[in-house]
Amino acid sequence: MDKEITVGPSLLAADFSMLKDEIKRAEEAKADFLHCDIMDGHFVPNISFGPSIVKDIRKNTELTLDVHLMIEDAQKYLNAFIDAGSDIITVHIETLKEPRKILEDIKCAGLKAGISLNPETSADSLKDVLDIADMILIMTVHPGFGGQSFIKDCLPKIEKIREMFDGDLEVDGGINYETAQLAVKAGINMVIAGTHLFSSHDMKKDIENIKCLKR
Ligand code: DX5
Ligand code: ZN
């Protein structure tokens, strides 16, 4: 049976000077989860925010916090993000010497463990972790910045990963209504959107429209 489509606004596109209001806006728009992008200026050419901000976000919402670590040394900072109140932690396969260990550590802490891959990384790179990951996050832009265009060449990879994996499949980067439709048709069930939702005049309607997409 097809999985329900869930939608998570990416807070990277929110106005951080009024983060509490932006979180409330996402809640009122019936977001299913909130996506938090953590960037270290090494793995990606940008810096965002760290565990103390995740902790502040946690204080202001009961929504699932989906924390996307785009950082070189995820193992080093893992406990800080667990303690901050993350519900899902996703790490990048490109950064990991021992991917199974960190996924096990995340699961042992009672969280859901996600693994992510960049547009140029092949589906085969995930073969050793398919039995342990709860979720796979497929990047459809080069990680580091919001507001980029969806890379359509990633669609066959989404289809391939869907054939290999029964768990949650999440798409991240360049998502609007049209690109969400393409991603859902390819097998995605969790949709992240930053710019599209936070620049919307009717976030509730835009979330609802994506949730109603059919495969
Ligand atoms: C990019 C981040 C994305 C980003 C998506 O590196 O991982 O989560 O916030 O932003 P949009 O939806 O604007 O492409
Ligand atoms: Zn992200």
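Along every chain, residues carry numbers that run from 1 in the direction the sequence is written. Labels follow written order: the first chain is A, the first ligand is 1, and so on. The model is predicted, so local features are restricted to residues of pLDDT at least 70 and side-chain atom pairs to those at 80 or more, both for listing and for counting; the totals for chains, interfaces and linings are taken over all residues. Excluded from the side-chain calculation are hydrogens and water; included are all heavy atoms of the structure.

Engineer: Please give an account of the overall build of the protein that cites residues and values.
Structural biologist: Helix numbering and strand numbering both begin at the N terminus, where a helix is a DSSP run of H or I of at least 4 residues and a strand a DSSP run of E of at least 2. Assigned secondary structure in the protein consists of 8 helices and 8 strands. Projected onto its principal axes, the C-alpha positions of the protein cover 45 × 40 × 30 Å. Scored against the burial criterion, the 215 residues of the protein give a buried share of 53%. Two residues form a contact once any of their heavy atoms are found within 4.5 Å. For the protein, the proportion of contacts with a sequence separation of at least 24, taken over those separated by at least 6, is 66%. Accessible surface area values rest on a Shrake-Rupley calculation with a 1.4 Å probe, where residue burial reflects the displayed protein chains alone. Just so you have it, the protein exposes about 10,000 Å², and 49% of that area is on carbon and sulfur atoms. The positive charge centre, built from 25 side chains, and the negative charge centre, built from 37, are 3 Å apart in the protein. Accessible area is worked out with a 1.4 Å probe on protein chains only. A residue is then buried under 20% of its type maximum, exposed over 50%, and partly exposed in between. Under this rule, positive means Lys or Arg and negative means Asp or Glu; His and the chain ends count for nothing. By convention, the charge on Lys lies at NZ, on Arg at CZ, on Asp at CG and on Glu at CD.

Engineer: Go over helix H4 (residues 99–108), please, and point to the residues and values.
Structural biologist: Of the residues making up H4, those classed as buried are Pro-99, Ile-102, Leu-103 and Ile-106. Axial view of H4: buried residues confined to an arc of 100°, hence all on one face. On its buried face, H4 is in contact with helix H3 (74–83), strand S4 (88–92) and strand S5 (112–117). Two residues or fewer after H4 comes Gly-110, characterised by a positive phi angle close to 90°. The directions from the helix axis to the C-beta atoms form the arc being described.

Engineer: Any details on the coordination of the zinc ion (ligand 2)? Residues and values, ideally.
Structural biologist: Metal coordination here is assigned from N, O and S atoms located within 2.8 Å of the ion, or within 3.2 Å for Na, K and Ca; omission of water means that sites may look incomplete. Around the zinc ion (ligand 2), the donor atoms from the protein are His-35 (NE2), Asp-37 (OD), His-68 (ND1) and Asp-172 (OD), and they sit 2.0 to 2.3 Å away. Geometry at the zinc ion (ligand 2) is octahedral, judged from its 6 donor atoms and the angles of 70 to 167° they form at the metal. Geometry is assigned from donor-metal-donor angles: four donors are tetrahedral when every angle falls between 85 and 135 degrees, four are square planar and six octahedral when opposite donors sit over 155 degrees apart with all other angles between 65 and 115, and any other arrangement is irregular.

Engineer: Describe the packing of aromatic side chains, with residues and values.
Structural biologist: In summary, the pairing rule links any two rings of Phe, Tyr or Trp, Trp by its six-membered ring, whose centres are within 6.5 Å, and it sorts them by plane angle into stacked for under 30 degrees, edge-to-face for over 60 and tilted for everything else. All told, the structure shown has 1 aromatic pair when counted by the stated rule. A centroid spacing of 5.4 Å and a plane angle of 45° characterise the contact between Phe-16 and Phe-49, whose relative ring orientation is tilted. With Phe-16 in the loop between strand S1 (6–9) and helix H1 (19–28) and Phe-49 in the loop between strand S2 (33–39) and helix H2 (51–59), the pair connects residues that are 33 residues apart, well separated along the chain. For Phe-49, a relative accessible area of 10% puts it in the buried group.

Engineer: Lay out the environment of Val-171 in plain terms, naming residues and giving numbers.
Structural biologist: Along the polypeptide, Val-171 turns up in strand S7 (residues 168–172). Val-171 sits 13 residues away from Ile-158 along the chain, and the two C-alpha atoms are 8.7 Å apart. Contact partners of Val-171, with chain neighbours within four places excluded, come to Ile-138, Thr-140, Phe-150, Ile-158, Ala-183, Ile-188, Met-190, Val-191 and Ile-192.

Engineer: Outline the environment of Asp-202, listing residues and values.
Structural biologist: Checked against the element boundaries, Asp-202 lands in the loop between helix H7 (195–198) and helix H8 (203–211). Separated by 173 residues in sequence, Asp-202 and Ala-29 place their C-alpha atoms 8.1 Å apart. At 3.2 Å, the side chain of Asp-202 forms a polar contact with the backbone nitrogen of Lys-205. Here a polar contact means two N or O atoms within 3.5 Å. Within protein one must be a hydrogen donor candidate and the other an acceptor candidate, and residues neighboring in sequence count only if both atoms are side-chain atoms.

Engineer: Provide a residue-level description of the nonpolar core, including the pertinent values.
Structural biologist: Of all hydrophobic cores here, the largest spans 65 residues; its most connected members are Ile-89, Val-91, Ile-115 and Ile-136. Each residue touching Val-91, except ones within four places of it in the same chain, is listed here: Leu-69, Ala-74, Leu-96, Ile-102, Leu-103, Ile-106, Gly-114, Ile-115 and Ser-116. Within the second largest apolar cluster, 8 residues are counted, among which are Met-135, Leu-137, Met-139 and Met-190. Residues grouped as a nonpolar core are buried Ala, Val, Leu, Ile, Met, Phe, Trp, Tyr and Cys residues, joined through side-chain atoms within 4.5 Å.

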